[in-house]
Amino acid sequence: MGGSRDQVNKAHKTRFSSKATRQIHKTSNAGNRISKPNKKNAAKGARDARIQRNKMLRTQKRDALLKEKRASSGQNSPPRIIVLFGLSSSVNTKVLAKELLELLSPEDAGAASATVASPSYHLRATVLVAPHGDLMSCIEMAKVADLFAFVTDASPCSSNSHIDQFGAQCLSFFRSLGLPSSVVLIRNLPCDPHKRNDMRKRCASSLASEFTDDSKFYPADTKEELHKFMSVFKEQRPSVPHWRGQRAYLMAEEVDLVVDDKNPGTCTLSLTGYLRARSLSVNQLVHVSGVGDFQLCKIVVLKDPCPLIAKKGHNMMDSDELPSVQVLRSLVPDPLKQEPLLVENVPDPLGGEQTFPTQEDMDLAKEFNRQKKQKRAVPRGTSEYQAAWFEGDEDSDLENDNDDMLMDEGDNDFPGLQDGNHSDLDDDKSSLELGDSDEETQADTMMTDGEQLTKEQIEAEIRKIKEAHAEDEEYPDEVDAPTDVLALKRFAKYRGLKSIRTCAWDPKESLPPDYARLFEFENFARTQKAVLAKAQDTEQSSNDESVPTGTYVRLHVKEVLSDVATKLREASKRFPVIACGLLQHESKMSVLHFSVKKHETYDAPIKSKESLIFHVGFRQFVARPIFSSDAIRSGNHKSERFLHPGRFSMASVYAPVSFPPLPLIVFKQGDVEPTVAAVGTLRSIDPDRIILKRIILTGYPLRVQKSKATVRYMFHHPRDITWFKKVELWTKCGRRGRVKEAVGTHGSMKCLFNGVVQQHDTVCMNLYKRVYPKWPENLYRILDA
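Quick notes on the rules
- Residues numbered from 1 in each chain as written.
- Predicted model: local features only at pLDDT ≥ 70, side-chain atom pairs only at ≥ 80, totals over all residues.
- Heavy atoms only, no water.
- Helix = DSSP H or I, 4+ residues; strand = E, 2+ residues; numbered from the N terminus.
- Buried < 20%, exposed > 50% of the residue type's maximum accessible area, 1.4 Å probe, protein only.
- Contact = heavy atoms within 4.5 Å.
- Areas by Shrake-Rupley, 256 points an atom, 1.4 Å probe, with all protein chains shown as cover.
- Phe/Tyr/Trp six-rings, centres within 6.5 Å; stacked < 30°, edge-to-face > 60°.
- Lys NZ or Arg CZ within 6 Å of the ring centre and 35° of its normal.
- 1 Å grid on protein atoms, 1.4 Å probe; cavity = no way out; pocket = protein on both sides within 12 Å on 5 of 7 lines; lining within 4 Å.
- Points joined across faces, edges and corners; volume = space filled by probe spheres on them.
- Nonpolar A, V, L, I, M, F, W, Y, C, P; charged D, E, K, R; others polar.
- Axes fitted to C-alpha atoms, helices over the stretch in contact; angles between N-to-C directions.
- Left-handed = near helix turned anticlockwise from the far one by under 90°.
- Polar contact = N/O pair within 3.5 Å; in protein donor to acceptor, adjacent residues only side chain to side chain.
- Expected span 1.5 Å × (residues − 1).
- Arc of directions from axis to C-beta.
- Pairing = 2+ DSSP bridges.
- Core = buried A, V, L, I, M, F, W, Y, C linked by side-chain atoms within 4.5 Å.
- Salt bridge = Lys/Arg side-chain N within 4 Å of Asp/Glu carboxyl O.

S.K.: Can you lay out the overall build of the protein chain for me, pointing to particular residues and giving the numbers?
M.R.: The number of helices and strands found in the protein chain is 15 helices and 31 strands. Residues counted as buried form 43% of the 785 residues belonging to the protein chain. Pairs at least 24 residues apart make up 78% of the contacts formed inside the protein chain by residues separated by at least 6 positions. A total of about 44400 Å² of accessible surface is found on the protein chain, and carbon and sulfur atoms cover 50% of it.

S.K.: With reference to specific residues and values, describe unusual backbone geometry.
M.R.: The peptide bond linking P660 to P661 adopts the cis configuration, its omega dihedral lying at 5 degrees. Examined against the element boundaries, P661 turns out to sit in the loop between strand 23 (648-656) and strand 24 (663-668). In the Ramachandran plot, A277 falls in the positive-phi region, its phi being about 75 degrees despite a non-glycine side chain. You can see A277 is positioned in the loop between strand 9 (266-276) and strand 10 (280-281). Here K609, not a glycine, exhibits a phi torsion of approximately 70 degrees, which is positive.

S.K.: Can you explain the packing of aromatic side chains? Please cite residues and give values.
M.R.: Evaluation of the coordinates by the stated rule reveals 23 aromatic pairs. On the numbers, 5.1 Å between centres and 55 degrees between planes, the contact of F150 with F211 is tilted. Note that F150 is positioned in strand 4 (residues 147-153) and F211 in the loop between helix 5 (193-207) and strand 6 (216-219), a separation of 61 residues in sequence. On the basis of relative accessibility, which here comes to 9%, the residue F211 falls in the buried class. Seen from their ring centres, F521 and F524 are 5.4 Å apart, and the 65 degrees between their planes marks the pair as edge-to-face. The pair F521 / F524 is uniform in exposure class, with both members buried. In this structure an aromatic cluster arises from ring pairing among F85, F148, F150, F166, F174, F211 and F217. Here K588 stacks its cationic end above the ring of F519, 5.3 Å away from the centre of that ring.

S.K.: Outline empty space enclosed by the protein, supporting the account with residue identities and numerical values.
M.R.: Applying the stated criterion across every chain, the model contains five cavities of 30 Å³ or more. A volume near 90 Å³ is recorded for the largest cavity. Taken together, W243, R247, C580, L582, E586, V616, G617, F618, R619, S658 and L662 make up the full set of residues lining the largest cavity. Looking at the lining of the largest cavity residue by residue, the classes come out as six nonpolar, two polar and three charged.

S.K.: Explain the packing of helix 3 (residues 135-142) against helix 4 (residues 165-177) residue by residue, including any values.
M.R.: Packed helices, taken two at a time, are described by the angle between their axes plus the distance between the axes. Where helix 3 meets helix 4, the closest approach of the two axes is 10 Å, and the angle between their N-to-C directions is 35 degrees. For the pair helix 3 and helix 4, the sense of crossing is right-handed. Within the contact between the two elements, helix 3 uses L135, C138, I139 and A142 and helix 4 uses F166, C170, F173, F174 and L177. Looking at the contact of helix 3 with helix 4, its residues break down into nine nonpolar, no polar and no charged.

S.K.: So what's going on with the environment of S289? Residues and values would help.
M.R.: Relative to the elements of secondary structure, S289 occurs in the loop between strand 11 (285-288) and strand 12 (292-302). What makes S289 buried here is its relative accessible area of 9%. Ignoring sequence-local partners within four residues, the contact set of S289 consists of E140, I578, F618 and Q620. In this structure the side chain of S289 is engaged in a polar contact, spanning 3.1 Å, whose partner is the backbone oxygen of F618.

S.K.: Before we move on, could you go through helix 13 (residues 524-540) and cite the residues and values that matter?
M.R.: Since the α-helix turns once every 3.6 residues, residues separated by three or four places project in the same direction. Taking 1.5 Å as the rise per residue, helix 13 with 17 residues should run 24 Å; its terminal C-alpha atoms sit 24 Å apart, in good agreement. Residues of helix 13 that are buried: F524, T527, Q528 and V531. The arc that holds every buried residue of helix 13, seen down its axis, measures 100 degrees, which confines them to one face. Exposed residues on helix 13 whose side chains face more than 90 degrees from its buried face are A525, R526, K529 and Q540. Lining the buried residues of helix 13 we find strand 25 (675-685). Its side-chain oxygen placed 3.4 Å from the backbone nitrogen of A525, N523 serves as the N-cap of helix 13.

S.K.: Run through the sheet that holds strand 4, naming residues and quoting values.
M.R.: Read across the open sheet, the six strands follow the order 2-3-1-4-5-6; overall the sheet is mixed. The sheet is open, and its two borders are formed by strand 2 (115-118) and strand 6, each paired with just one other strand. For this sheet, the mean inter-axis angle between neighbouring strands, taken without regard to orientation, is 30 degrees.

S.K.: Run through the nonpolar core, naming residues and quoting values.
M.R.: By size, the foremost hydrophobic cluster in this structure holds 82 residues, and its most contacted members are F85, F150, F594 and F614. Excluding residues within four positions of it along the chain, F85 makes contact with T93, A130, C138, F148, A149, F150, V151, F166, G167, C170 and F174. The next biggest cluster of nonpolar side chains, apart from the first, holds 29 residues, and it includes V255, V288, V553 and V560.

S.K.: If you had to explain the pairing of strand 4 to someone new, which residues and values would you point to?
M.R.: Counted residue by residue, strand 4 has seven buried out of seven residues, so it is predominantly covered. Of the two faces of strand 4, the one lined by L147, A149, V151 and D153 and the one lined by F148, F150 and T152 are each fully buried. Relative to strand 4, strand 1 (residues 80-86) is paired through five bridges, and the arrangement is parallel. Paired with F85 across the strands is F150, a residue of strand 4. Two strands pair when backbone bridges link them, and strand 4 and strand 5 (residues 181-187) are joined in this way by seven bridges, in the parallel orientation. Within strand 5, the position partnered with T152 by the bridge is I186.

S.K.: Mind laying out the pattern of salt bridges, listing which residues take part and the relevant values?
M.R.: Charged atoms that come close allow side chains of opposite charge to pair. Across all of its chains, the model carries 29 salt bridges by this definition. E509 serves as the salt-bridge partner of R495, at 2.7 Å between the closest nitrogen and oxygen. Of the two residues, R495 is situated in the loop between helix 12 (487-490) and helix 13 and E509 in the loop between helix 12 and helix 13; the sequence distance between them amounts to 14 residues. For R647, the salt bridge goes to E640, with nearest N and O atoms at 3.0 Å. According to the relative accessible area criterion, R647 is partly exposed, its value standing at 36%.

S.K.: How would you summarise the environment of H637 if you had to cite specific residues and measurements?
M.R.: Within the fold, H637 resides in strand 22 (residues 636-640). Since its relative accessible area comes to 7%, H637 is described here as buried. Through-space distance from the C-alpha of H637 to that of R770 is 9.6 Å; in sequence the pair is 133 residues apart. Setting aside chain neighbours within four positions, we find H637 in contact with S628, S629, A631, R689, I690, I691 and L692. At a separation of 3.2 Å, a polar atom in the side chain of H637 contacts the side chain of R689.

S.K.: Go over the pairing of strand 12, please, and point to the residues and values.
M.R.: Burial runs high along strand 12: nine of the 11 residues are buried. Relative to strand 12, strand 11 runs antiparallel, the two being bridged by four bridges. Bridge pairing links L285 to Q295 in strand 12. From the end of strand 11 to the start of strand 12, which pair antiparallel, there are three residues, and G290 there has a positive phi angle of about 85 degrees. Strand direction decides the pairing type here: strand 12 and strand 16 (residues 552-561), joined by five bridges, are antiparallel. Residue pairing across strands places V300 opposite R554, the latter belonging to strand 16. For strand 12 and strand 13 (residues 327-331), the ladder comprises four bridges, and the chain directions are antiparallel. By the bridge assignment, L302 is partnered in strand 13 with V327.

Listed below in structure tokens is the structure:
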């Protein structure tokens, strides 16, 4: 028997080899031994550090919540804004507002103002009533509401219509803006307890699908029921949209103006109210909703006219004492620190002028000419000595022999666009101006001024737009080559691309003059992060240049047009006037891209480059967008003539910079008042986004022989066929091909395809050009409408 076959058992695992080794660390020789780290203690230390870190994060979150709660319901917090909105026209919200104000008002004071302070509830509130039927007023109130109270009528006569068409429409718009904390108040319930409870459950069940799961339903007929609702509301932490907390804003309770004697035609606009969300610096720019961006000439801090804890025997809610408001301090901007009001970039008119060339430029020109001579087209079989005789011949007739020409691999669009000696352009250079015009742009500005058109002309124009919208849905991008103008001149700005997704397009090539008025960021995401961090640091550091949130202030906005300020003061009686502080760079013009979707209640066509009213957060401005597809994996995006329903598109406009995320509501000016046309959100800011307009030239096979076909009606002249010969063809049945040669003098051509062509097939050719938004004639003209 071999020894290798003996059984070998695995040694028993023990921590110590013997009992004596357990005490080895206590002996004198233990110091000479190399100590190894105890893995158990190391793991225990990591566990303790993890527990301590989690405890610290919980403490920070708890402190932040307590700070937010104290800021929203403390003594120095601004009054909470409660907006009462009737879901149907039968609801009387004015009576409910009066009952709420009487409930919140102290016993010795009447509800003389919309803002009251209740010592019993330890709460200050401003109650606003949204007028039913006035869409603009309802949306402006929704932007500042801390609590949205939807009121419905549960009476038997209106049980079948708890929410009417206007209420459902406004509710969808409020969701697009971002709903704050919301409740539903039920009125006119029956007196019988059993019927009352049954009617309340039935009403809540019919409206539950329109609201979120956290929305509560409260009966609101008696004083006890209102008391129960207010007791819950005072303990609730208000939930507001995220975009509203990024900027300081003020809902003006008083709007006044002071005429400026130095500058006739302008005035100083005075807005008085509580500062909300964030602190405001006197050196910041402010935006007055619907009017524009301005600088502040002064901020006056006033004594709170509605304190939560008033002095004994002194009624601050008396309306006779409101005009005599005590001034606590005034803040004046520092000229060195005040942010300048930059809207448009001022281009240098001599920036593109040619200067005297340096020696380095001359050397580069010689090298370029030497490389160009190497690529010069010469007849086949010509030696280098014979080719030297062609160097001085700049007007040779070699362009007629297209097969012998040398071309770069990158010039895959048109030979005529890169070759300046093309004979088609030399015979009539003035006709190239036809390529600047476009059949879509001819009628872009026809309806911008409706006062100059008669009623019949407006109806005819609307009918024409609807027909174009229907044609675009059935035959998108298909156009016919003109018969009276050469296609090479009509479509001179277009080029052919192998693939719109993979082909490169220089974003700085042939930019329009309006791009010189824009501002561009090297890295917009990094800029936004730095601006928000700077605003956070400025708010945390207390200084003498800013006013904390919750302060009752009076903003003095300088250099406002007198007629605009007068209209704004009249409009403040219908809806609240909002002024918000702007972050750095938010007054500069750039190209903004919005993700928009046509609203389901709007069925009229929305054409590209049409004048629309944009509500972006607190901002309002007029823009003329172009629509494009939202291709995430492509650098090039195809433009769309119309905003089609049922899907999202990108709307690109010239507008002031705004940092996302921000909600968007698009209005279209109607006969009486604006109507909501689309909703969306701000996606990005990028002037280099490539938007390409595609046109499809179509032809029809005349004779077919397997993969060969004679195509007609795509062009009407053989010169056009020679010009567009390099562009790839495709058919609606999935074939791809190219143009071989022209046939005859009426625009027919021979084509080769990669498969058998059907006789009923349609041959197509794609052409592209870059398009840009339209610059608005007047950025802020909402008050003039």
